[in-house]
Amino acid sequence: MKPRELCIVILLFAPRFTDAQNRSPIDSIKLLLEDANPGDFPALYYNLGFEYFLTGELIQAVEVLKLAQKHASENGDTLYLVKTGRLAGQIYRRLNDFENSIFHSHRVLDIAKRNSHQPAFRTELQYLYNSLGVAYTHSAEFDSAIVNHFNCLSLREKESDLSNIAETLNNIGVLYYEIGNYLKALDYLKQSKETLGKVADQYFMDNIHVNIGLCNIELKDYHNAITHFNTGLSICKNNCEPERLMEANYGLGIAYFYLRDFENAKYYLNEAYRLSSSKNWLEFRLKSILYLIKLNREVGNLAQTEAYLGEVEPITESSPFNAVRLDLYREASLYYSLVNDYERASGYQEKFINLTHEIYNAQLIESISKVEREYSQRQNLQVIKDKNEKLEQQQTQLTLVAVIATLLLVVLVLLFLNFRRKIQFEKLLERKVKQRTRELEANRNELQQAMLQQNATVRTFYTESRGVIDSLIGISHAAEMESQAPFAHDYLRQLRSIAGRLENAVHHLKVSQTKAETNQSA
């Protein structure tokens with residue numbers, strides 16, 4: 001949403017919460033229009049028209065939307081030009097003016113198509129296709145209706161909005177019901193029911209059940225039809241919209257009519273007639289009268305039959321509901337034949353034949369077949385596209401797996417080579433360690449042998465030295481005792497001193513040798 005549009009929405013709804021006098025949305029928008037910039041007029045007039053639409057003031061809504069379209073055109077605001085055209089088409093459809101509904105929708109359709117790359121326009125394009133499909137269905141232009149409905153379905157399937165998809169499937173089911181292909185109608189309605197069942201907000205599930213019930217009637221499954229009508233009513237319970245009540249009562253009336261329970265049929269058909277008349281819903285008013293005519297003719301109440309025919313004859317010719325007109329022409333022809341008014345019977349028979357050819361012609365059948373084929377082709381192409389995408393994904397995954405496997409293999413090879421080199425290095429290191437150990441052991445043995453020899457030499461030297469020293473000391477003492485010369489005593493004392501020092505040196509050598517042997521033993 002554009003910033004300007006957001007501001008308008010905030011200003012539009014803020015009074016609902018802040019105004020102490022509880023000003024209505026319509027009054028709030030009118031107040032905003034007094035001081036608004038011209039660039040805001042399209043959005044404000046559109047919202048004003050939408051509020052009139054919500055309150056049921058349809059004529060006023062149309063007039064306001066004309067102003068919205070005028071300002072949108074002047075400002076070059078293509079989005080609000082499309083929005084106002086789409087809403088105008090919906091309002092004219094509510095007014096049963098299908099010609100104007102189709103005109104306003106078609107007028108902005110190409111603009112929405114050209115800009116459908118933008119989400120807002122793409123949403124509007126869906127609404128336009130849906131609105132045109134419904135309008136063409138009501139006016140019995142079934143070939144155009146089916147084209148628009150399937151265009152809408154294709155767009156909504158791309159958006160994957162299950163509620164919108166279910167709505168379009170329901171509308172296609174109604175279209176096939178109006179054409180008279182009840183099996184196909186039932187198939188689409190069941191698809192709609194299944195799709196809507198997957199979402200939390202099942203806001204029109206009651207409508208789907210009513211439509212399934214109508215199909216069951218045409219397929220002569222009357223009891224199942226009654227079940228679906230009652231299921232639809234049980235879904236909305238006491239909050240059923242008048243339109244839903246009218247449709248369910250109408251369906252129940254038809255079901256009981258074909259079950260020849262004329263009392264119940266009359267009750268439900270009169271209820272549908274009352275509701276449609278009070279709400280001015282022309283289509284169901286005509287449909288209810290149609291079956292009241294059949295009911296009264298069946299029970300022989302020809303006066304009431306004629307009264308109902310007199311009620312609908314003035315409005316039948318101008319009715320935009322061609323399918324209902326067709327059934328009314330047939331009933332009128334049957335009635336006037338029954339009362340021997342063959343001229344009027346023939347006139348209605350001719351109208352019936354002409355309108356039948358106009359609605360159900362070869363071009364319609366060909367158009368429907370073409371649209372179905374194109375939709376099937378699109379579905380098939382989509383299936384093929386999905387399969388191709390899946391295959392591409394699988395190929396990508398396989399390629400990725402192959403690349404990963406190759407990388408893993410390379411890593412494993414590198415790890416193996418690295419491990420192998422490590423083993424080889426460890427073996428080489430082990431050999432060198434063993435070789436060095438042997439060398440060290442040989443050196444140690446040689447050293448030990450040398451030390452043993454040295455120790456033996458030291459012990460021999462110590463022993464011999466002790467003998468010599470003891471001899472020297474003994475001789476010096478003897479000489480001192482025998483000699484009387486004073487200088488001789490000095491020499492002898494010096495000699496004993498040298499012998500003492502030599503004895504200490506030999507002793508220290510002995511101690512060192514003993515320590516070395518002790519360490520060697522340890």
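Structure: above.
Residues numbered from 1 in each chain as written. Predicted model: local features only at pLDDT ≥ 70, side-chain atom pairs only at ≥ 80, totals over all residues. Heavy atoms only, no water.

K.L.:
Lay out the overall build of the protein chain with the relevant residues and their values.
P.N.:
When you go through the protein chain residue by residue, the secondary structure sums to 20 helices and zero strands. Across the 522 residues that make up the protein chain, the buried fraction comes to 39%. Considering only contacts in the protein chain between residues 6 or more positions apart, those separated by 24 or more positions represent 57%. As presented, the protein chain carries roughly 29900 Å² of accessible surface, and 54% of it is formed by carbon and sulfur atoms. (Helix = DSSP H or I, 4+ residues; strand = E, 2+ residues; numbered from the N terminus. Buried < 20%, exposed > 50% of the residue type's maximum accessible area, 1.4 Å probe, protein only. Contact = heavy atoms within 4.5 Å. Areas by Shrake-Rupley, 256 points an atom, 1.4 Å probe, with all protein chains shown as cover.)

K.L.:
Kindly report on the packing of aromatic side chains, identifying the contributing residues and their values.
P.N.:
Summed over all chains, the structure comprises 19 aromatic pairs. With 6.1 Å between their ring centres and 40° between their planes, Phe50 and Phe53 make a pair best called tilted. Of the two residues, Phe50 and Phe53 are both situated in helix H3 (residues 41-54); the distance of three residues between them amounts to about one turn of the helix. Under the relative-accessibility criterion, Phe50 is labelled partly exposed at 28%. Assessed through its relative accessible area of 14%, Phe53 is described here as buried. (Phe/Tyr/Trp six-rings, centres within 6.5 Å; stacked < 30°, edge-to-face > 60°.)

K.L.:
Which residues make up helix H9 (residues 162-179), and what values go with them?
P.N.:
The first and last C-alpha atoms of H9 sit 26 Å apart over 18 residues, in line with the 26 Å expected at 1.5 Å per residue. Here H9 lies mainly inside the structure; 15 of its 18 residues are buried. Immediately downstream of H9, the backbone of Gly180 shows phi near 110°, a positive value. (Expected span 1.5 Å × (residues − 1).)

K.L.:
Describe the environment of Gln126, and please don't skip the residues or the numbers.
P.N.:
Tracing the sequence through the fold places Gln126 in helix H7 (residues 119-138). For Gln126, a relative accessible area of 6% puts it in the buried group.

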